Amino acid sequence: MVDIATFAYLPLISLMLGIVTGFVAGRWISVRALLWLIGLTSAVALALIIMLAGVQTGEEEQAFGPFVWLTGSVLPFLFAVIMGGIGGRSLAARANA
């Protein structure tokens, strides 16, 4: 049951946190902070990809954790931060016009 909850709720929570974080960073914080947030999230994704690439034959069970974190948390968060940042930047530009 824990696996079902992980697969169901982790991406949704990650998307919601990413949207809020990206929107806040795009609307009220500078573009530099938004780019830092995207860069740090990409670095975490790259680290997880490297961990997945290092899994040897016969040790496939070790790939479950990094795979779940990558596909269920980091990539949805990255996508949501980018989309939330674009929305926040557009609202900031509209408010300043």
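Attention in this report is confined to the structure presented alongside it. (Residues numbered from 1 in each chain as written. Predicted model: local features only at pLDDT ≥ 70, side-chain atom pairs only at ≥ 80, totals over all residues. Heavy atoms only, no water.)

Digging into the overall build of the chain
Selection rule: Helical segments are the DSSP runs of H or I of at least four residues, strand segments are the runs of E of at least two, and each set is numbered from the N terminus. Each radius of gyration is computed over the set of C-alpha atoms, and the globule rule expresses the reference value as 2.2 Å times the number of residues to the power 0.38. Throughout this description, buried means an accessible area under 20% of the type-specific maximum (1.4 Å probe, protein chains only), exposed means over 50%, and partly exposed covers the range between. Contact criterion: two residues are considered in contact whenever any of their non-hydrogen atoms come within 4.5 Å of each other. Note on areas: these come from Shrake-Rupley sampling with a 1.4 Å probe, and a residue is covered only by the protein chains present in the view. Under the convention used here, Asp and Glu are negative, Lys and Arg are positive, and both His and the chain ends fall outside the count. We put the charge of a Lys on NZ, of an Arg on CZ, of an Asp on CG and of a Glu on CD.
When its secondary structure is counted, the chain shows three helices and zero strands. Each helix and strand of the chain, ordered N terminal to C terminal, gives the series α-α-α. Compactness check: the chain gives a C-alpha radius of gyration of 16 Å against a globular reference of 13 Å for 97 residues, more than 25% above the reference. Each of the three principal axes of the chain carries a C-alpha extent, and together these read 60 × 30 × 10 Å. Within the chain, the proportion of its 97 residues that are buried is 28%. Taking as baseline every contact in the chain between residues at least 6 positions apart, the subset at least 24 positions apart corresponds to 79%. Looking at the chain as shown, the accessible area adds up to about 6,500 Å², and 74% of this sits on carbon and sulfur atoms. In the chain, 4 side chains carry a positive charge and 4 a negative one; their mean positions are 45 Å apart.

Regarding the packing of helix H2 (residues 31-53) against helix H3 (residues 64-96)
Operational definition: Between the N-to-C directions of two axes lies an angle of 0 to 180 degrees, each axis being a line fitted to C-alpha atoms and, for a helix, fitted only over the stretch in contact. The scheme is simple: roughly parallel for angles under 35 degrees, roughly antiparallel for over 145, roughly perpendicular for 65 to 115, oblique for anything else. Crossing handedness is read from the near helix: turned anticlockwise from the far helix by less than a right angle, it gives a left-handed crossing, and turned clockwise, a right-handed one. Residues are grouped as follows: Ala, Val, Leu, Ile, Met, Phe, Trp, Tyr, Cys and Pro are nonpolar; Asp, Glu, Lys and Arg are charged; every other residue, Gly included, is polar.
Relative to each other, H2 and H3 sit at 165°, their axes nearing to 10 Å. Relative to H3, the element H2 is oriented roughly antiparallel. As H2 packs across H3, the resulting crossing turns out to be left-handed. Together, Val31, Leu34, Leu37, Ile38, Thr41, Ser42, Val44, Ala45, Leu48, Ile49, Met51 and Leu52 of H2 and Pro66, Phe67, Trp69, Leu70, Val74, Leu75, Phe77, Leu78, Val81, Ile82, Gly85 and Arg89 of H3 make up the contact between the two elements. The class makeup of the residues in the contact of H2 with H3 is 20 nonpolar, three polar and one charged.

What to know about the nonpolar core
For the record, the criterion: Remark: nonpolar core denotes a set of buried residues (Ala, Val, Leu, Ile, Met, Phe, Trp, Tyr, Cys) joined through side-chain atoms within 4.5 Å.
By size, the foremost hydrophobic cluster in this structure holds six residues: Ala25, Leu34, Ile38, Phe77, Leu78 and Val81. Counting only elements with at least two residues in this core, the list comes to H2 and H3. Beyond its immediate chain neighbours, meaning those up to four positions away, valine 81 contacts Gly18, Gly22, Leu34, Leu37 and Ile38.

Section: the packing of aromatic side chains
Pairs of aromatic rings are described using the distance from one ring centre to the other and the angle between the two planes. Put simply, the rule reads: Aromatic contacts are taken between Phe, Tyr and Trp rings whose centres are within 6.5 Å, Trp giving its six-membered ring; a plane angle under 30 degrees counts as stacked, one over 60 as edge-to-face, and the others as tilted.
Counting across every chain of the model gives one aromatic pair. Consider the rings of phenylalanine 23 and tryptophan 28, whose centres lie 5.8 Å apart with planes at 85°: the pair is edge-to-face. Residue class for phenylalanine 23 comes out partly exposed when judged on its relative accessible area of 28%.

Everything listed here is a matter of coordinates, which is why it stays silent on function.
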